[in-house]
Amino acid sequence: MDDQTTEAGASHKQPLIPRLPETRRLALRPPLQRDLERLYSMAVSSDNAYRWRYRGTTPSWDTFHRQLWDGVLAQYLVIRKNDSAVLGLVTLYNANLSSGYTYASALSTPEATGTGLVLEGLFLLLEHAFKTWNLRKIYFEVPEFNLDQFVSATRRGYVVEEGRLRDHETLLGRSWDLVFLAMYRDMFDNGPQRIIDRLRME
Amino acid sequence: MIALPSQEFVRSLILEAADGEHALDEISALELAANLWHHFRVEVPPEMLVGAVRTDRVHAAVVAQLLTIDAAGPLDCDSGT
């Protein structure tokens, strides 16, 4: 009984019902039917046409709709809280929960690209992933032409390269490697977790 | 009375966030924004910090935010300055 009382008392400070993580300015919410047009537009926008999944193609509406949830463990829109603007999409996919890993990806609106906003949203997704499932590590599947975006994370020890498929893709007249980066739980705890903890402090 | 941070302290935060790089990238900007909030409870949007290299501009934005004056424009700091 004492323990229950203690737990009940503690609940004033920390809700017993887990919620999706958020920072002071950003939140995550699942994509809804009404978001699909916006997501399609993001996926095939000039900034993302080659960087994300479709490599310069424009899939049919039905194909896009179906593939949006292919292999997905969880995915959320990154939302700015003060105006509910959609900034991007962050996704966990190809999970193997018995082996303790999943893959993660992020897609930005053109307006949010390069601002750090969707990166903050990605950190929230990673926190959600590590707290919800017994994951050992999260992979990022990075075409060589996207690798610049991970230089700083690699240097800081937030991710480590664990695999590389040489000349895996041919695009825009040349071959590119496909690189597999991994973020282990302790890497997340010592880096991104510390940053978002500070960003959410009141 | 507001305790304003010294330029030296802001500079140390920038250098820590930049982690040896010439300018702040997205991760560095997020880290600096987190540290500015942690130390001063001043909210400088990371998107204003991406690319920043000059201490005085960041310092001015922090001070402006502390004084609740809008920080004017992005911290557009030319590389090499």
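Residues numbered from 1 in each chain as written. Chains lettered and ligands numbered in written order. Predicted model: local features only at pLDDT ≥ 70, side-chain atom pairs only at ≥ 80, totals over all residues. Heavy atoms only, no water.

**Q** Any chance you could explain the overall build of chain A here in plain terms?
**A** Counting its regular elements, chain A contains seven helices and seven strands. From first element to last, N terminus to C terminus, chain A shows the α and β order α-β-α-α-β-β-β-α-β-α-β-β-α-α. Buried positions account for 48% of the 202 residues belonging to chain A. The contacts in chain A between residues at least 6 apart in sequence include a share of 60% that link residues at least 24 apart. Put simply, chain A shows about 10,700 Å² of open surface, and 50% of that area lies on carbon and sulfur atoms. (Helix = DSSP H or I, 4+ residues; strand = E, 2+ residues; numbered from the N terminus. Buried < 20%, exposed > 50% of the residue type's maximum accessible area, 1.4 Å probe, protein only. Contact = heavy atoms within 4.5 Å. Areas by Shrake-Rupley, 256 points an atom, 1.4 Å probe, with all protein chains shown as cover.)

**Q** Would you mind going over the packing of helix 7 (residues 192-200) of chain A against helix 2 (residues 26-40) of chain B with me for this structure?
**A** Helix packing for two helices is described by the angle between their axes and how far apart those axes are. Where helix 7 of chain A contacts helix 2 of chain B, the axes come no closer than 8 Å and their chain directions differ by 45°. When the axis of helix 7 of chain A is compared with that of helix 2 of chain B, the two are oblique. The handedness of the crossing between helix 7 of chain A and helix 2 of chain B is left-handed. Here helix 7 of chain A contributes A:Ile195, A:Arg198 and A:Leu199 to the contact with helix 2 of chain B, which in turn contributes B:Leu30, B:Glu31, B:Ala33, B:Ala34, B:Asn35, B:Trp37 and B:His38. (Axes fitted to C-alpha atoms, helices over the stretch in contact; angles between N-to-C directions. Parallel < 35°, antiparallel > 145°, perpendicular 65-115°, else oblique. Left-handed = near helix turned anticlockwise from the far one by under 90°.)

**Q** Could you clarify how one ought to interpret the packing of helix 4 (residues 117-132) of chain A against helix 7 of chain A in this entry?
**A** All names here are of chain A. Helix 7 packs onto helix 4 with a crossing angle of 110° between their chain directions and a minimal axis gap of 10 Å. As judged from the angle between their axes, helix 4 and helix 7 are roughly perpendicular. Between helix 4 and helix 7 the crossing geometry is left-handed. Each of Glu120, Phe123, Leu124, Glu127 and Lys131 in helix 4 lies in contact with helix 7, whose residues at this interface are Pro192, Gln193, Ile195, Ile196, Asp197, Leu199 and Arg200. Of the residues contributing to the contact of helix 4 with helix 7, the split by class is six nonpolar, one polar and five charged. (Nonpolar A, V, L, I, M, F, W, Y, C, P; charged D, E, K, R; others polar.)

**Q** How do you make sense of the environment of A:Tyr93 when you look at a structure like this?
**A** Residues and elements named next belong to chain A. Its place among the elements puts Tyr93 in strand 3 (residues 86-96). For the pair formed by Tyr93 and Trp61, sequence separation is 32 residues and the distance between their alpha carbons is 21 Å. Ignoring sequence-local partners within four residues, the contact set of Tyr93 consists of Gly71, Val72, Leu73, Thr102, Tyr103, Ala104, Ser105 and Glu141. Within the structure, the side chain of Tyr93 is placed 2.8 Å from the side chain of Glu141, a separation counted as a polar contact. (Polar contact = N/O pair within 3.5 Å; in protein donor to acceptor, adjacent residues only side chain to side chain.)

**Q** Mind showing me how you'd approach the sheet that holds strand 7 (residues 174-184) of chain A here?
**A** To summarise the sheet geometry, strands pair through backbone hydrogen bonds and adopt either a parallel or an antiparallel arrangement. All names here are of chain A. Pairing within the open sheet is mixed, and its seven strands lie in the order 1-2-3-4-5-7-6. Each end of this open sheet is capped by a strand with a single partner; those strands are strand 1 (26-29) and strand 6 (160-171). Along the sheet, successive strands turn relative to each other by an average axial angle of 25°, direction set aside. Against the sheet, helix 4 touches strand 1, strand 2 (72-80), strand 3, strand 4 (101-108), strand 5 (137-143) and strand 7, its axis set at about 35° to strand 3. (Pairing = 2+ DSSP bridges.)

**Q** Got a minute to help me understand helix 7 of chain A in this structure?
**A** Spacing of three or four residues puts side chains on the same side of an α-helix, whose turn is 3.6 residues. For helix 7 of chain A, every residue scored as buried is listed here: A:Pro192, A:Gln193, A:Ile195, A:Ile196 and A:Leu199. When helix 7 of chain A is viewed along its axis, its buried side chains cluster within an angular range of 160° and face the same direction. Buried residues along helix 7 of chain A sit against helix 4, strand 7 and helix 6 (185-190) of chain A together with helix 2 of chain B. (Arc of directions from axis to C-beta.)

**Q** Mind showing me how you'd approach the interface of chain A and chain B here?
**A** By a widely used convention, the size of an interface equals the accessible area lost when the partners come together. On the chain B side, the residues contacting the 19 residues of chain A number 21 residues. Carbon and sulfur atoms make up 52% of the surface buried where chain A meets chain B, a total of about 1,900 Å² over both sides. Area buried by chain A at its contact with chain B is led by A:Arg155, A:Arg156 and A:Arg198, which between them contribute 29% of it. The tally of links from chain A across to chain B stands at three salt bridges. In this structure, A:Arg24 engages B:Glu43 in a salt bridge whose closest nitrogen and oxygen atoms are separated by 3.0 Å. Applying the counting rule to chain A against chain B returns nine residue pairs in polar contact (both at pLDDT 80 or more). Counting only elements with at least two residues in the side of chain A that touches chain B, the list comes to helix 4, helix 5 (151-155) and helix 7 of chain A. The leading source of residues in the side of chain A that touches chain B is helix 4 of chain A, at four residues. (Buried area = accessible area lost by both parts, 1.4 Å probe. Salt bridge = Lys/Arg side-chain N within 4 Å of Asp/Glu carboxyl O.)

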